[in-house]
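Given next are the chains, with one letter for each unit.
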Amino acid sequence: MEESVIVIKNLNVFFNEVPILKDIELKVNEKQFLAIIGPNGGGKTTLLKVILGLIEPDSGQVKIKGLDIKEGRKLIGYVPQISDFDKHFPINVKDVILMGRISDKQGFFHSYSQKDINLVEDIMKDLDIFDFKDKQIGRLSGGQLQRVLIGRALVAEPEILLLDEPTASLDAESRSNIYNILRDINDEITIIVVTHDLSAISSYFDSVACLNKNLHYHGDKNISQEDVDQVYGCPIELIAHGVSHRVLGNHSGDEQHD
Amino acid sequence: MIEAILKYNFLQNALYSALMASVVCGIIGTIIIEKNLVMMSGGIAHTSFGGVGLGYYLNIEPIFGALFFALFSSVIIVTIRRKTEVHSDTLIGIMWAMGMAVGILFISFMQGYPPDMSSYLFGDILTVTNMDINIMLILVVIVVFAITSLFNQWKSYLFDEEFSYVRGLNTNFYEYFLFILIALTVIVLIRVTGIILIIALLTAPPAIARLFTYDFKKTIFLAIIFGAFFSLSGLWLSYLFNIPSGATIILLIGITYFVLAFLTGKLKRS
Ligand SMILES: Nc1ncnc2c1ncn2[C@@H]1O[C@H](COP(=O)(O)OP(=O)(O)OP(=O)(O)O)[C@@H](O)[C@H]1O
Ligand SMILES: [Mg+2]
């Protein structure tokens, strides 16, 4: 068994006494490529924010590489949901990506080093966004902005990457472009992606978890139709385009997994 | 006017205070526009009126009372904003009016003739004293040093608070610090434009600057230049025609903003 990079035990989150996440148990292994799916309001963003220390859980334990969140979060690259994002700020692409180099280590009168700048330029080239490095971020297309945010997360040289709906409102080509980038990065680092993009699961991810207050997860790509029905509250066709039958495995005796 | 400036101390003070006001307005104004804290800053400014009243009542320098109230209210606002789910707008509205009410009460408690509050409400740059200048200078140095010494960290915090937090920045600290800097800025501006007109001097120069640039640092520099230009020309006009300085500066800069916004909007579309 590989080493677990994220271990969540018995996690509960309430907003105003309403349970948002219930008894979440999750183990993510090194170099895993995990998709988290689930309906709107299912708590996907909340779960990511708990892992990042942005939301304080009411109970439970989160360990990142054996560390508490306070230290462990610095190992994580975070790509927020684009819709939560201030696109009007007067800043260009290169400066946004440079910000990934900021950390708690810098003191007064900090300026970015040549090494920082080289790294940023390399990553911009890898992500194919070097050509508009001087563009104001509000003037990018959705797919371009998404890649800029991925770039900002990557220059921090994280060991784990969390992405919140990186392919929302992208066309098919930009979508597969993003997934291909992620698959390449996955050679080096662990990746967790929140997505509504069921069709991408079989072709790119190696595991999938379903979240709607409760987390349905078996450490692999197998989720039963019951799980999905239960999670979405209505029967959802998992046989989306290109999904292998393994995902549909209606394995018996799995209902008691949590 | 040059001759007069060399000759009269009050004109020199007016000049210095206009320039210092432009510097803090360019910096803090740009920040509050990007962070949507314009009304919040207006709230802090109006709350400080309570401190002006307190100063008169206790017979201490009103600007110290104002400073105390501005700092106090800004810390309260951040704390309430973090701890509860009260909508910021509601909070500002209440503090805004309460501060004014406290000021009015203190003034009414005073024996004899009530003092003339209009220079605090509407500003009177031609009556700025040497002591005002010294206080302003200290506050301006604090604001400029605070922002320039941590510029990259501020930029990251302002642009994306959550991401900065995940990277390990102490965003709590930056939030409180920002509100304290807003309070200091308000105090610098009180003698120049007055409590009621502060918001315009904070927002108009960076708003004009934003018409010409998409860069954070350039926005700040341009805003300082526009602020200095308009406050000096406003000062000159008010001296020339003997009209209120604060109102003159605000109208000048406000009208310029609308004209330029209209023109650049037109130019972009055609
Ligand atoms: N700050 C908050 N205060 C109160 N309730 C909240 C807060 N943030 C989220 N919620 C609630 O928590 C639930 C989960 O929200 P979350 O954003 O995690 O969902 P999600 O799975 O990411 O949804 P989506 O697919 O729409 O992004 C929702 O019911 C939402 O209303
Ligand atoms: Mg979400």
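Quick caveat, the model's predicted, so the values are computed rather than measured.

Each value, and the rule that gives it
Residues numbered from 1 in each chain as written. Chains lettered and ligands numbered in written order. Predicted model: local features only at pLDDT ≥ 70, side-chain atom pairs only at ≥ 80, totals over all residues. Heavy atoms only, no water. Helix = DSSP H or I, 4+ residues; strand = E, 2+ residues; numbered from the N terminus. Buried < 20%, exposed > 50% of the residue type's maximum accessible area, 1.4 Å probe, protein only. Donors = N, O, S within 2.8 Å, 3.2 Å for Na, K, Ca; no water. Contact = heavy atoms within 4.5 Å. Near = heavy atom within 4 Å. Polar contact = N/O pair within 3.5 Å; in protein donor to acceptor, adjacent residues only side chain to side chain. Areas by Shrake-Rupley, 256 points an atom, 1.4 Å probe, with all protein chains shown as cover. Nonpolar A, V, L, I, M, F, W, Y, C, P; charged D, E, K, R; others polar. Core = buried A, V, L, I, M, F, W, Y, C linked by side-chain atoms within 4.5 Å. Pairing = 2+ DSSP bridges. Axes fitted to C-alpha atoms, helices over the stretch in contact; angles between N-to-C directions. Buried area = accessible area lost by both parts, 1.4 Å probe. Salt bridge = Lys/Arg side-chain N within 4 Å of Asp/Glu carboxyl O. Patch = residues over 30% accessible without salt bridge, like charges linked within 9 Å, V, L, I, M, F, W, Y side chains within 5 Å. pLDDT = per-residue confidence, 0-100. Phe/Tyr/Trp six-rings, centres within 6.5 Å; stacked < 30°, edge-to-face > 60°. Lys NZ or Arg CZ within 6 Å of the ring centre and 35° of its normal.

K.L.:
An account of the overall build of chain B is requested, with residue identities and associated values reported.
P.N.:
For chain B, the count of helices and strands is 13 helices and zero strands. Reading chain B from its N terminus to its C terminus gives the helix and strand order α-α-α-α-α-α-α-α-α-α-α-α-α. Seen along its three principal axes, the alpha-carbon backbone of chain B occupies a region of about 55 × 45 × 35 Å. Burial analysis of chain B (270 residues in total) assigns 56% to the buried set.

K.L.:
Account for the coordination of the magnesium ion (ligand 2), with residues named and values stated.
P.N.:
Each pair of donors in an ideal octahedron of six around a metal sits at 90 or 180 degrees, and each pair in an ideal tetrahedron of four sits at 109.5 degrees. T45(A) (OG1) and Q81(A) (OE1) make up the full set of protein donors to the magnesium ion (ligand 2), lying at 1.9 to 2.7 Å. Of this pair, T45(A) sits in helix 1 (residues 44–51) while Q81(A) sits in the loop between strand 5 (76–79) and helix 3 (93–98), and the two are 36 residues apart along the sequence.

K.L.:
For the side chain of D132(B), give the residues involved together with the corresponding values.
P.N.:
Residues and elements named next belong to chain B. As for its position among the elements, D132 is in helix 7 (residues 130–149). Its relative accessible area of 4% is what places D132 among the buried residues. In contact with D132, other than residues within four places in its own chain, are T127 and R191.

K.L.:
Outline the site of ligand 1, supporting the account with residue identities and numerical values.
P.N.:
All names here are of chain A. Near ligand 1, the surroundings consist of 13 residues, among which N40, G41, K44, T45 and T46 are the closest. Within the side chain of T45, an N or O atom sits 2.6 Å from an oxygen atom of ligand 1. One of the side-chain N or O atoms of Q81 is found 3.2 Å from an oxygen atom in ligand 1. Here ligand 1 has 640 Å² of accessible area as a free molecule, and 61% of this is covered by the chains. Looking at the shell around ligand 1 residue by residue, the classes come out as three nonpolar, eight polar and two charged.

K.L.:
Can you explain the nonpolar core? Please cite residues and give values.
P.N.:
Grouped together as the largest cluster of nonpolar side chains are 128 residues, with contacts concentrated most on I137(A), L161(A), L182(A), I191(A), F205(A), I187(B) and I190(B). The element best represented in this core is helix 10 (residues 171–193) of chain B, accounting for 13 residues. Contacts of L161(A), omitting those with residues within four sequence positions, involve G77(A), V79(A), A153(A), L154(A), L182(A), I189(A), T190(A), I191(A) and I192(A). Core analysis: the next-biggest nonpolar cluster, separate from the first, contains 32 residues, L21(A), L34(A), I51(A) and Y217(A) among them.

K.L.:
Explain the sheet that holds strand 5 of chain A residue by residue, including any values.
P.N.:
All names here are of chain A. Spatially, the six strands line up as an open sheet ordered 5-6-7-3-8-9, and their pairing is mixed. Whereas interior strands pair on both sides, the edge strands pair on one side only; in this sheet they are strand 5 and strand 9 (214–217). For this sheet the average axis-to-axis angle between neighbouring strands, irrespective of direction, equals 15°. As defined by bridge partners, strand 5 adjoins strand 6 (residues 160–164) across four bridges and the pair is classed as parallel. By the bridge assignment for strand 6, Y78 is matched with L162. Sheet strands in contact with helix 1 are strand 3 (33–37), strand 5, strand 6, strand 7 (190–194) and strand 8 (207–212), and its direction is about 150° off that of strand 6. In this fold helix 5 (residues 142–154) packs onto strand 5 and strand 6, with an angle of close to 165° to the strand it touches most, strand 5.

K.L.:
Which residues make up the interface of chain A and chain B, and what are the values?
P.N.:
Often, the extent of an interface is quoted as the loss of accessible area on bringing the components together. Taken together, the 36 residues of chain A in the interface contact 25 residues of chain B. At the boundary of chain A with chain B, total buried surface from both sides reaches about 3,000 Å², with 58% on carbon and sulfur atoms. Along the contact surface separating chain A from chain B lie three salt bridges. Its salt-bridge partner being K155(B), residue D95(A) comes within 3.1 Å of it at the nearest N-O pair. Of all elements in the fold, only strand 5, helix 3 and helix 5 of chain A reach the threshold of two or more residues within the side of chain A that touches chain B.

K.L.:
Let's hear about the sheet that holds strand 2 (residues 18–29) of chain A: which residues, and what values?
P.N.:
All names here are of chain A. The strand order across the open sheet formed by three strands is 2-1-4, and the pairing between neighbours is antiparallel. Strands with a single pairing partner mark the edges of an open sheet, and in this sheet they are strand 2 and strand 4 (59–64). Taking each pair of neighbouring strands and ignoring which way they run, the sheet shows an average axis angle of 15°. Strand direction decides the pairing type here: strand 1 (residues 4–15) and strand 2, joined by eight bridges, are antiparallel. Paired with F14 across the strands is P19, a residue of strand 2. The strands that helix 1 touches are strand 1, strand 2 and strand 4; relative to strand 1, the one it contacts most, it runs at about 120°.

K.L.:
So what about unusual backbone geometry? Which residues, and what values?
P.N.:
One non-glycine residue, K213(A), lies in the positive phi region at around 70°. Examined against the element boundaries, K213(A) turns out to sit in the loop between strand 8 and strand 9. Given a relative accessible area of 36%, K213(A) falls into the partly exposed group. Even without glycine at this site, N242(B) takes up a positive phi of about 55°. Structurally, the position occupied by N242(B) is in the loop between helix 12 (216–241) and helix 13 (245–269).

K.L.:
Now, about a nonpolar patch on the surface: what can you tell me, with residues and values included?
P.N.:
Residue and element names in this part refer to chain B. Residues M1, Y8, F10, W236, Y239, L240, F241 and I243 make up a contiguous nonpolar surface patch of roughly 740 Å² in combined accessible area. With respect to the helices and strands, the residue Y239 is situated in helix 12. For Y239, a relative accessible area of 31% translates into the label partly exposed.

K.L.:
So, the confidence of the model for chain A: which residues are in play, and what are the values?
P.N.:
Taken over all residues, the pLDDT of chain A has a mean of 85, while the share at 70 or more is 84%. Segment residues 234–258 of chain A is flagged for pLDDT under 50; beyond a separation of four residues in sequence, or across chains, it makes 43 contacts in the model.

K.L.:
Just give me the short version of the packing of aromatic side chains, but keep the residues and values in it.
P.N.:
Taken as a whole, this structure holds 25 aromatic pairs over all chains when the rule is applied. Between Y57(B) and F106(B), the aromatic rings sit 5.5 Å apart at their centres with planes inclined by 35°, giving tilted as the arrangement. Here Y57(B) is found in helix 3 (residues 38–58), whereas its partner F106(B) is found in helix 5 (residues 88–109), with 49 residues between them in sequence. Taking relative accessible area as the criterion, F106(B) reaches 17% and is therefore assigned buried. Here a set of aromatic residues connected by ring pairs shows up, and it is made of W154(B), Y157(B), F173(B), Y174(B) and F177(B). A cation over an aromatic ring shows up here: R152(A) above the ring of F163(B), its NZ or CZ 3.6 Å from the ring centre. Above the plane of the ring of Y120(B) lies R191(B), whose end atom (NZ or CZ) is 5.5 Å from the centre.

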